[in-house]
Amino acid sequence: MECPHCGFKQMEYVAAKSTICRQCGRSFSPSAPKPGLKLKDHAAATEELPLHRKLEGIWNRQRNRVVSCFECKRKHEVSDQATSTNCPGCSAHIDLRDYKITTSFSRTIRTRGDVHLTSKGDLSSTSVICTSAIIEGKLRGNLECEDSMTINLVGKIPGRIGAQHMTVERKSDIQCFRRVRVMNIDIKGRMSGEIVATGSVTIHKNGTLDGNVTAKSIAIEKGGIFSGQLVIGQAGLTQGELLPEAKATEKKTEPDVPLAGTQPLPAT
């Protein structure tokens, strides 16, 4: 196949629907006609299609999205219909599938797709990395979302969780045993745990938060309840993290202080 962008030629599987150029790293479809290729039947090309055929063509039109590599963090375009790809920079495999968990699942997940943990699902993987997630069942491992996380659960979460934006739904009642790291979080139900947010924490009406919060800002609507210690400012620092550093500096500065009588004082 010949890349329509740079003209580089490479071998591809016959049934491939999309691929990536090994020269320029851009995505293209091997079955798509080359630019400048003229149709043989001009009459058929000028024939107006029915409305439903036009809508079907718009719906089935190939769309691309940008994904980043897990290893080298390089970003490139892939087709929405692709289930996996290889990084053009380091050739690492990137999973693009969506996972819907309805039973017990204990395998490690690392995908640029979404994860849906249903109410009957039991996710006990040690590490799960995805774009966005919906949590309705038992979550025993660690979960890291690149974009958003929605929690609609009544129970305990023993692992670490984090996302850019997290939403705790109204019927939720969760207890987090480890620190929750987010950019922004909306609490509409009940939540217990420690939150470190680089952005804002919002407790909506009838929402309840019991635990320590470190964030840049916090908003509590009328009817919301907050119980715990609050630190507004630098989200990366908490008292528990500062104490070991303070002790280390004390030990380091003690030998630098001269003892009394070791050196004579200069005459005045």
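Residues numbered from 1 in each chain as written. Predicted model: local features only at pLDDT ≥ 70, side-chain atom pairs only at ≥ 80, totals over all residues. Heavy atoms only, no water.

Asks: Which parts of the structure should I look at to understand the overall build of the chain?
Replies: The helix and strand tally for the chain stands at three helices and 28 strands. A buried classification covers 33% of the 268 residues belonging to the chain. Here the analysis covers contacts within the chain between residues at least 6 apart in sequence; of these, 10% occur between residues at least 24 apart. If you sum the accessible surface of the chain, you get close to 17700 Å²; carbon and sulfur atoms cover 52% of it. (Helix = DSSP H or I, 4+ residues; strand = E, 2+ residues; numbered from the N terminus. Buried < 20%, exposed > 50% of the residue type's maximum accessible area, 1.4 Å probe, protein only. Contact = heavy atoms within 4.5 Å. Areas by Shrake-Rupley, 256 points an atom, 1.4 Å probe, with all protein chains shown as cover.)

Asks: Help me understand the sheet that holds strand β14 (residues 138-139) in this model?
Replies: Whether parallel or antiparallel, the strands of a sheet pair through hydrogen bonds between backbone atoms. Across the sheet, three strands lie side by side as β8-β11-β14; this open sheet has parallel pairing. In this open sheet, the two edge strands, each paired with only one partner strand, are β8 (104-105) and β14. Sheet topology places strand β11 (residues 122-123) next to β14; two bridges connect them, and they run parallel. Its bridge partner being in β14, D122 is matched across the sheet by K138. (Pairing = 2+ DSSP bridges.)

Asks: Help me understand the pairing of strand β16 (residues 148-151) in this model?
Replies: In the case of a regular strand, side chains alternate between the two sheet surfaces. With burial as the criterion, only one face of β16 is covered, namely that bearing M149 and I151; the residues S148 and T150 on the opposite face remain uncovered. When strand β13 (residues 132-135) meets β16, the two strands line up parallel, connected through three bridges. Directly across from I135, in β16, lies its bridge partner I151. Of the strand pairs in this sheet, β16 and strand β18 (residues 161-168) are connected by four bridges, and their pairing is parallel. Of the residues in β18, the one forming a bridge with M149 is M166.

Asks: What is the right way to read the environment of C90 from this model?
Replies: Here C90 is to be found in the loop between β5 (84-86) and β6 (93-95). When its relative accessible area of 36% is taken as the criterion, C90 is described as partly exposed. Sequence separation of C90 and C69 is 21 residues, and the distance between their C-alpha atoms is 8.6 Å. Here C90 is in contact with C69, E71 and C72, once residues within four sequence places are set aside.

Asks: Got a minute to help me understand the sheet that holds strand β27 (residues 225-227) in this structure?
Replies: Strand order in the open sheet formed by five strands is β17-β19-β21-β24-β27, and the pairing between neighbours is parallel. Only two strands of the sheet have a single partner each, and these edge strands are β17 (154-157) and β27. Direction aside, neighbouring strands of the sheet carry axes that sit 10° apart on average. Inspection of the sheet shows strand β19 (residues 173-176) paired to strand β21 (residues 190-192) by three bridges, in the parallel sense. Within β21, the position partnered with I174 by the bridge is M191. (Axes fitted to C-alpha atoms, helices over the stretch in contact; angles between N-to-C directions.)

Asks: What am I meant to see in the packing of aromatic side chains here?
Replies: The geometry of an aromatic ring pair is captured by the separation of the ring centres together with the interplanar angle, meaning the angle of the planes. Under the counting rule described, the total for this entry stands at one aromatic pair. Residues Y99 and F105 carry aromatic rings whose centres are separated by 6.5 Å and whose planes lie at 65° to one another, so their mutual orientation is edge-to-face. No difference in accessibility class separates Y99 from F105, as the two residues are buried. The ring of F70 is capped by R112, whose NZ or CZ atom sits 3.9 Å from the centre of that ring. (Phe/Tyr/Trp six-rings, centres within 6.5 Å; stacked < 30°, edge-to-face > 60°. Lys NZ or Arg CZ within 6 Å of the ring centre and 35° of its normal.)

Asks: Would you explain the nonpolar core in this entry?
Replies: It is characteristic of soluble globular proteins that their nonpolar side chains tend to be buried jointly. In terms of nonpolar packing, the biggest core is built from 36 residues, with I135, L143, M149, I151, I161, M191 and I195 touching the most fellow members. In this view, I135 contacts L117, L143, M149, T150, I151, N152 and L153; residues no more than four positions away in its chain are not counted. (Core = buried A, V, L, I, M, F, W, Y, C linked by side-chain atoms within 4.5 Å.)

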